[in-house]
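# Residue-level structure breakdown
Here's the letter readout for the chains.
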Amino acid sequence: MKIVGVSACTVGIAHTYMAKKAVEEECAKRGFECKIEAQGGMGIEDELSQEDVDSADLVIETIDVGIEGEDRFEAKVAEGRLLKVGTADAISDAADVLDRALALIGGAEAVAAAEPAKAEVAEQPVAKASAAPGGPKPAEKKSIFAEPGKTLLNAFNTGVSYFIPIVVIGGVFLAFSLASGTAGANGMEVTNPFMVSLNTIGMAGISMMIPVLAAYIAYSMAGKPALAPGFVLGYLVNNAVTTPNGSAVSTGFLGAMIMAVICGYFVRWMKTWKVNDTINTIMPILVIPILTSLVLGMAYIYVLATPLGFVMDWLTAVLGSLQGGSAVVLGLVIGVMTAFDMGGPINKTASTFTMALMASSIYGPNGMFRVAVAVPPLACGIASLIARNKFDDADRQMGVSAIFMGCIGITEGAIPFAVKDLAHTLPGICIGSAVGAGLAAFQGIDCYVPHGGFIVALATSNVGLFCLDIVIGALVGAAILVVMKPKLENASK
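Because the structure is predicted, anything quoted here is derived from the model rather than measured. Each chain carries its own residue numbering, running from 1 in the written order of its sequence. Local features in this predicted model are restricted to residues of pLDDT 70 or higher, and side-chain atom pairs are both shown and tallied only at a pLDDT of 80 or more, whereas totals for entire chains, interfaces and linings draw on every residue. Water and hydrogen atoms were dropped before computing side-chain values, which therefore reflect all heavy atoms in the structure.

### Structural notes on the overall build of the chain
Secondary structure assignment for the chain yields 19 helices and 9 strands. Classification of the 493 residues of the chain by burial places 47% in the buried group. Contact between two residues is taken to exist if any of their heavy atoms lie within 4.5 Å; hydrogens are not considered. Taking as baseline every contact in the chain between residues at least 6 positions apart, the subset at least 24 positions apart corresponds to 71%. By the criteria applied, helices consist of DSSP H or I runs no shorter than four residues and strands consist of E runs no shorter than two, each listed in order from the N terminus. For the exposure calls, accessible area comes from a 1.4 Å probe over protein chains only, and a residue counts as buried if that area is under 20% of its type's maximum, exposed if over 50%, partly exposed in between.

Have a look at this one:
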């Protein structure tokens, strides 16, 4: 039995490689040959060739975003031999994921018969995929609106994945350049020539982030033909356009997400057009980009810009005015969302929300979130080192790694503890993150970069309080973990 697959998470750091390792280890336990391609932050690693794919019995995609080279698996999709799950599914229960994949080709009986079946296929003409129960099913023609929930979640995660490095460039350079300035009537005034240049580079990153987000949301939904119009529409919404009533409107993050989704579906629809071979060759590079940009660009300017601008102005005004108790409530909610699935979809929803506000120069919620992301792994690591009668040596080894990951703002460092004992881990890390984020909200701490942990402290409005809030949140979380965790001799095995 040969299994191949692809692993890719939103940020391309922790979940990508944890899911890859989980599937590979489960395959090794069962004696299966396995090769998993990682599409992470460093690019494609252990790349699958077309020969690898064609010779495989099953394909398992553990992905949270759109991936490169999806067309390699078209034949396996048609044969009913591809399973697509989230990275969290593989990390939490790789055995179940593998069982579900094997069920596509008949479960345990298919495993036993896999090698003979290959030999038989080699001697006989290739037959069309059968629709018999338990066997591969022929591909069905899907509507362009099929599985909208999965499509949109995948698309937004893909957009955020490509968007984050751009925001890091803009945010870090702007933060350091502004830190060198002096407060004036028009805000921070930067006079040092080098810092002025740094500010210029930072502004280039900030200017690019919305077009990149829109382009890759559209790309995830409809492939390469949607990329160019996605960039164009992203640039359009990020800059003021003159509407029919004479108003200058910019809709930023909200406009980018809406127009990117419309672009994705519009391109999907255009790809279904039946045209002659000559026209078909120029569809992806000429017809689709031009028509999509023209139709949707005009629709935005003449129809959508005004109402979207009104909504964006209202949202910015409401969130920008949050103070005191209202801000703390928002911080508590962001804190719980951040820790609840430790880097999963709920965590990424909170992240996307805070980055949307950053695009409108509202940095408070991002400060709350960037405190909260560091707390879960720090709390788990501290608890494992303190309560030696409740954590074993393996836990303490994981704890050291978790502390390091917490310091650099990687929430996924808490996952091994949660997988091992979710009931006693989740309450502590959620409360700890909520406390840290709530304190940041109360103190009005801004964070100017889309990352967390101590390493970004200099890019915040108050270095000391930002670090202190992380420490307090981690200690509260660790204390709850220590209290709730049973002693090793009483723990259920």
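### Let's talk about the sheet that holds strand β2 (residues 33-40)
What the 5 strands build is an open sheet, ordered β3-β2-β1-β4-β5; its pairing is mixed. Every other strand in the sheet has two partners, leaving β3 (43-45) and β5 (82-85) as the edge strands with one partner each. The sheet shows a mean angle of 15° between the axes of neighbouring strands, taken without regard to direction. The pairing criterion is simple: DSSP has to find at least two bridges between the two strands. Both strand β1 (residues 2-8) and strand β4 (residues 58-63) contribute to a ladder of 6 bridges, which runs parallel. In the strand pairing of β4, Val-6 is matched with Glu-61. Axis lines are fitted to C-alpha atoms, over the contacting stretch for helices. Their N-to-C directions set the angle, which ranges from 0 to 180 degrees. Running at roughly 180° to β2, helix α1 (residues 14-29) makes contact with β1, β2, β3 and β4 of the sheet.

### Brief notes about empty space enclosed by the protein
Points on a 1 Å grid over protein atoms alone make up a cavity when a 1.4 Å probe fits among them but cannot get out, and a pocket when they form an open set with protein on both sides within 12 Å along at least five of seven lines; lining residues each have an atom within 4 Å of a point. Grid points are joined across faces, edges and corners, and a volume is the space filled by probe spheres set on the points. For the coordinates displayed, the defined rule picks out 1 cavity of 30 Å³ or more. Here the largest cavity is characterised by a volume of approximately 70 Å³. Note that Gly is not counted as nonpolar here; it falls among the polar residues with everything else outside the nonpolar set of Ala, Val, Leu, Ile, Met, Phe, Trp, Tyr, Cys and Pro and the charged set of Asp, Glu, Lys and Arg. Residues that form the lining of the largest cavity fall into these classes: 4 nonpolar, 1 polar and 4 charged.

### Focus: the pairing of β4
Among the 6 residues that make up β4, 6 are buried, leaving the element largely enclosed by the rest of the structure. Burial of the side chains of β4 extends over both faces: Leu-58, Ile-60 and Thr-62 are buried on one face and Val-59, Glu-61 and Ile-63 on the other.

### Describing the environment of Met-342
Examined against the element boundaries, Met-342 turns out to sit in the loop between α12 (324-340) and α13 (345-358). Taking the C-alpha atoms as reference points, Met-342 and Pro-376, separated by 34 residues in sequence, lie 7.7 Å from one another. Residues contacting Met-342, with those up to four places away along its chain left out, are His-15, Asn-347, Thr-411, Glu-412, Ala-414, Ile-415, Ala-418 and Ile-429.

### Let's talk about α1
Note: α-helices contain 3.6 residues per turn, so residues at a spacing of three or four share the same orientation. For a helix, the expected span equals 1.5 Å multiplied by the residue count minus one. The terminal C-alpha atoms of α1 lie 23 Å apart, and with 16 residues this matches the ideal 22 Å at 1.5 Å per residue to within 8%. For α1, the complete set of buried residues consists of Ala-14, His-15, Thr-16, Ala-19, Lys-20, Ala-22, Val-23, Glu-26 and Cys-27. A positive phi of about 75° marks Gly-31, the residue just after α1.

### Some details on the packing of aromatic side chains
Only the six-membered ring of Trp is used, alongside the rings of Phe and Tyr, when aromatic pairs are assigned; centres must lie within 6.5 Å, and planes under 30 degrees apart are stacked while those over 60 apart are edge-to-face, with the rest tilted. With the rule as written, the count across this model stands at 7 aromatic pairs. Ring plane angle 85° and centroid distance 5.1 Å describe the contact between Trp-269 and Trp-273, whose orientation is recorded as edge-to-face. On the basis of relative accessible area, Trp-273 is assigned to the partly exposed category, the value being 31%. An aromatic cluster of three or more residues is present, and its members are Tyr-162, Tyr-216, Tyr-219 and Phe-231.

### Topic: the side chain of Thr-354
Tracing the sequence through the fold places Thr-354 in helix α13. Aside from chain neighbours lying at most four places away, what touches Thr-354 is Ile-334, Pro-365, Asn-366, Phe-369 and Arg-370.

### Some words on helix α15 (residues 375-386)
Taking 1.5 Å per residue as the helical rise, α15 with its 12 residues ought to reach 16 Å, and the 16 Å between its terminal C-alpha atoms agrees with that figure. Along α15, 9 of the 12 residues are buried, which leaves the element largely enclosed by surrounding structure. All buried positions along α15 are accounted for by Val-375, Pro-376, Pro-377, Leu-378, Ala-379, Cys-380, Gly-381, Ala-383 and Ser-384.

### Let's talk about the pattern of salt bridges
The term salt bridge refers to a side-chain nitrogen of Lys or Arg lying within 4 Å of a carboxyl oxygen of Asp or Glu. A complete count under the given rule lists 16 salt bridges for this structure. Among the ionic pairs, Glu-24 bridges to Lys-20, the shortest N-O distance being 2.9 Å. Placement of the pair is Glu-24 and Lys-20 together in helix α1, with a separation of 4 residues, close to one helical turn. Two residues, Lys-20 and Asp-46, come together in a salt bridge whose shortest N-O distance is 2.8 Å. On the criterion of sequence distance, the pair formed by Lys-20 in helix α1 and Asp-46 in the loop between β3 and α2 (50-54) is long-range, its members being 26 residues apart. The structure contains a network of salt bridges with shared partners spanning Lys-2, Lys-35 and Asp-52.

### Things to note about the environment of Asn-239
Tracing the chain through its elements places Asn-239 in the loop between α9 (227-238) and β8 (241-242). Each C-alpha atom of the pair Asn-239 and Gly-252 lies 7.6 Å from the other, and the pair is 13 residues apart in sequence.

### Focus: the packing of α15 against helix α18 (residues 422-443)
Closest axis-to-axis distance for the α15/α18 pair is 9 Å, and the angle between their directions is 125°. By the angle class used here, α15 and α18 are oblique. Between α15 and α18 lies a crossing of right-handed hand. Packed against α15, whose contacting residues are Val-375, Pro-376 and Cys-380, the element α18 presents Thr-425, Ile-429, Gly-432 and Ser-433 at the interface. Taken together, the residues of the contact of α15 with α18 break down into 4 nonpolar, 3 polar and no charged. Between 65 and 115 degrees an angle is taken as roughly perpendicular, under 35 as roughly parallel, over 145 as roughly antiparallel, and anywhere else as oblique. Two helices crossing with the near one rotated counterclockwise from the far one by less than a right angle form a left-handed crossing, whereas a clockwise rotation gives a right-handed crossing.

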